[in-house]
Amino acid sequence: MRRWSRCLGGVVVVAGLLLPAVRAGAETATLELKRVDPSVRPRAEEMPVEHLFRMTRPQTVFQQLGGREGVVMRPDDPEKPDFADVIRKEPAEYASETPFRGVVQLGSHHYGFVLDIAAPEEEEAEEEQEAEEKEGERGGLFSALGRALTAPLARKPQPEGQGAPFARLYFDLNRNGDLTDDGVIEAESAQAFGSATRSTFPVVELTLEVDGKEVDYAFVLSTHTSVSENFSYAQASLNAAAYREGEILLDGEKRRVVLVDFNSNGRFDDVFRVEEHPGRGGALYPVVGDMLYIDPQPAARYRSPFDPTTSPDQYQVGKLIAYGGRFFDLEIAGGGETLSLTPSPLPTGYAANPNGGTRAIVYGEHGMLEIAYDDEGKAMLPEGTWQLLSYTLLHAEAAAPEAEDGPADQLAMGRPTVASARAGADFRPFRVAGGKTTNVAFGPPFTPQVTASASRRADGTLSLQMSLVGAGGEVCTSMIIDGRRP
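Quantities reported herein were computed from a predicted structural model and do not represent experimental measurements. (Residues numbered from 1 in each chain as written. Predicted model: local features only at pLDDT ≥ 70, side-chain atom pairs only at ≥ 80, totals over all residues. Heavy atoms only, no water.)

1. Some words on the overall build of the protein
1) Next: For the protein, the helix and strand inventory stands at five helices and 32 strands.
2) Next: When contacts within the protein are restricted to residue pairs at least 6 apart in sequence, those whose partners lie at least 24 apart make up 64%.
3) Next: As presented, the protein carries roughly 26,300 Å² of accessible surface, and 50% of it is formed by carbon and sulfur atoms. (Helix = DSSP H or I, 4+ residues; strand = E, 2+ residues; numbered from the N terminus. Contact = heavy atoms within 4.5 Å. Areas by Shrake-Rupley, 256 points an atom, 1.4 Å probe, with all protein chains shown as cover.)

2. Considerations on the pattern of salt bridges
Should the charged atoms of two oppositely charged side chains come close, the side chains can pair.
1) Next: Throughout the structure, instances matching the rule amount to 13 salt bridges.
2) Next: For the salt bridge of Lys34 with Glu245, the shortest nitrogen-to-oxygen distance reads 3.2 Å. A residue pair is termed long-range when its members are at least 10 positions apart, and Lys34 in strand 2 (residues 32–35) and Glu245 in strand 13 (residues 242–250) qualify at 211 residues.
3) Next: Salt bridges linked by common partners bring Lys34, Glu50, Glu245 and Arg256 together as one network. (Salt bridge = Lys/Arg side-chain N within 4 Å of Asp/Glu carboxyl O.)

3. A word on unusual backbone geometry
1) Next: Of note, the bond from Pro444 into Pro445 is cis; its omega dihedral lies within 30 degrees of zero at 5°.
2) Next: Note that Pro445 resides in the loop between strand 29 (437–439) and strand 30 (447–452).
3) Next: Although it is not a glycine, Asp211 sits at a positive phi angle of roughly 55°.
4) Next: With respect to the element layout, Asp211 can be found in the loop between strand 10 (204–210) and strand 11 (213–226).
5) Next: Judged by relative accessible area, which is 46%, Asp211 ranks as partly exposed. (Buried < 20%, exposed > 50% of the residue type's maximum accessible area, 1.4 Å probe, protein only.)

4. Side note on the sheet that holds strand 29
1) Next: Across the sheet, three strands lie side by side as 25-22-29; this open sheet has mixed pairing. The sheet terminates laterally at strand 25 (378–382) and strand 29, the two strands that pair on one side only. Pairs of neighbouring strands in the sheet enclose a mean axial angle of 30°, with direction left out of account. (Pairing = 2+ DSSP bridges. Axes fitted to C-alpha atoms, helices over the stretch in contact; angles between N-to-C directions.)

5. Digging into the nonpolar core
1) Next: Among the nonpolar cores identified, the biggest contains 67 residues, and Leu106, Leu115, Phe171, Phe219, Leu292 and Leu339 are the most heavily contacted of them.
2) Next: Residue contributions to this core peak at five residues, all from strand 11.
3) Next: The residues contacting Leu115, other than those within four sequence positions of it, are Pro99, Phe100, Phe166, Arg168, Leu169, Phe201, Leu221, Thr223 and Ala236. (Core = buried A, V, L, I, M, F, W, Y, C linked by side-chain atoms within 4.5 Å.)

6. A look at the environment of Val204
1) Next: As for its position among the elements, Val204 is in strand 10.
2) Next: Leave out the neighbours within four places in its chain, and Val204 touches Leu173, Ile185, Tyr217, Ala218 and Phe219.

7. Things to note about the confidence of the model for the protein
1) Next: Across the protein, pLDDT averages 80, with 76% of residues at or above 70.
2) Next: Ignoring residues within four places in sequence, the model shows residues 1–22, a span with pLDDT below 50, making 32 contacts including any to other chains.
3) Next: Low pLDDT (under 50) marks residues 398–413, which in the prediction has 15 contacts with non-local residues, meaning those over four places away or in another chain. (pLDDT = per-residue confidence, 0-100.)

8. A look at the side chain of Ser340
1) Next: By the element assignment, Ser340 lies in strand 21 (residues 338–343).
2) Next: Overall, the relative accessible area of 7% leaves Ser340 in the buried class.

9. Regarding the sheet that holds strand 1 (residues 27–30)
1) Next: The strand order across the open sheet built from four strands is 1-21-20-19, with neighbouring strands paired in antiparallel fashion. Unpaired on one side and paired on the other, strand 1 and strand 19 (320–323) mark the two borders of the sheet. Looking at each pair of strands side by side, their axes are set apart by 30° on average, direction ignored.
2) Next: Here strand 1 runs beside strand 21; their pairing, made up of four bridges, is antiparallel. Across the sheet, residue Thr30 finds its bridge partner in strand 21, namely Thr338.

10. Some points on the side chain of Arg168
1) Next: Position of Arg168 relative to the elements: it lies in strand 6 (residues 166–171).
2) Next: When its relative accessible area of 17% is taken as the criterion, Arg168 is described as buried.
3) Next: Within polar-contact distance, the side chain of Arg168 engages the side chain of Glu186 at 3.1 Å. (Polar contact = N/O pair within 3.5 Å; in protein donor to acceptor, adjacent residues only side chain to side chain.)

11. Some thoughts on the environment of Phe219
1) Next: If you trace the backbone, Phe219 turns up in strand 11.
2) Next: A relative accessible area of 0% means that Phe219 is categorised as buried.
3) Next: In this structure the C-alpha to C-alpha distance between Phe219 and Val204, which are 15 residues apart in sequence, comes to 5.4 Å.
4) Next: When residues no more than four places from it in sequence are discounted, the contact partners of Phe219 are Leu106, Phe171, Pro202, Val203, Val204, Leu206, Leu238, Asn239, Ala240 and Ala241.

See below:
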């Protein structure tokens, strides 16, 4: 295992190099790398704040294992090199007839890997050892009787259509194109469920190059396969297993800052942005970047680590962030070693909406930005043209009903009323001018809207879909009324 302290020595040097380039009034934090333990699964009532930092979006690699030709496969990144471009030497043979070959991007480079199943003799040895241990636990007459009864029986055949789970990982950790000199990483868990399998590997530590600098990093990889007569596939998911943490001085007080490699690509400076081409029905989806927490709090009654509008301490990495009634320019080193916040010189105005307590994500010429509406329904915004992407509206919570019996944590919890919605490409842009207020229509009342598929099915029927639509045409994605889904 690598020592994290080696990374810290490099951080001091990087911080010293960057400080002279930072504008006056900036506050800079030096961030230490910390590893997460994905195997720890705390109970909901004991959820520590660190649990939020392991909630990331994975890099996924998809591979068809068999089936008829012409099956449409998920498109991969066109800029990603082929496996043969990054790996030149592989093990002489694999146990699987269809080993899973893939490429992921970490830091400034691409890495190749291969997933293989365990050798048949290894599986038999493990099963025999488990059987012997069980017999040893029984002991005496029952053990002898068991051996006598099972001796003439043949080994149970593997169910038809069931694939063997991937249990061995060859990863080019030193990025030299050779998979034979890095050792084999054995799965912590490898299970088969009928026609599907699932495997999880331990945390892997390595040194990356990010913008010409060496930084330490860690990831965890898991796999899923599905086998059928018509179509068989495998999917590998790589999630970040390390985050950056430090302190920064804001408003005269030290604040804890945590930077999460949310898109799991080895960089910590990726900004969120809107996809250029809307999806079906004009839906807009952000290109995922990284996440920043300032004074992170334990999981609240309702929050999602994948949606920063559900909590006031989480921010999407972008050009600007709003904190403490001010806007700051955000600068982050690619490897996450340093983070700087500088008061923004942009003039500001207000966007008004009657729904106070709303947190929204807007985008425009200054990038993507999270804003908060006060109790009067006003949110400060830099001058410019903006468009709504999504929001979460949290109403006052009703007190939980009293009960003589029941867990204390349930009695203490309120019953929130929450609505989340996403706007489409047809949402009307709005202009914010310095010192002025602009009304922006969205939110309640939510009205039902039913749409039909463009074509009829073979049996003459149509597929119908109902949505709850807000005042600005945005579509409700989640709703909770008094703590329950309607």
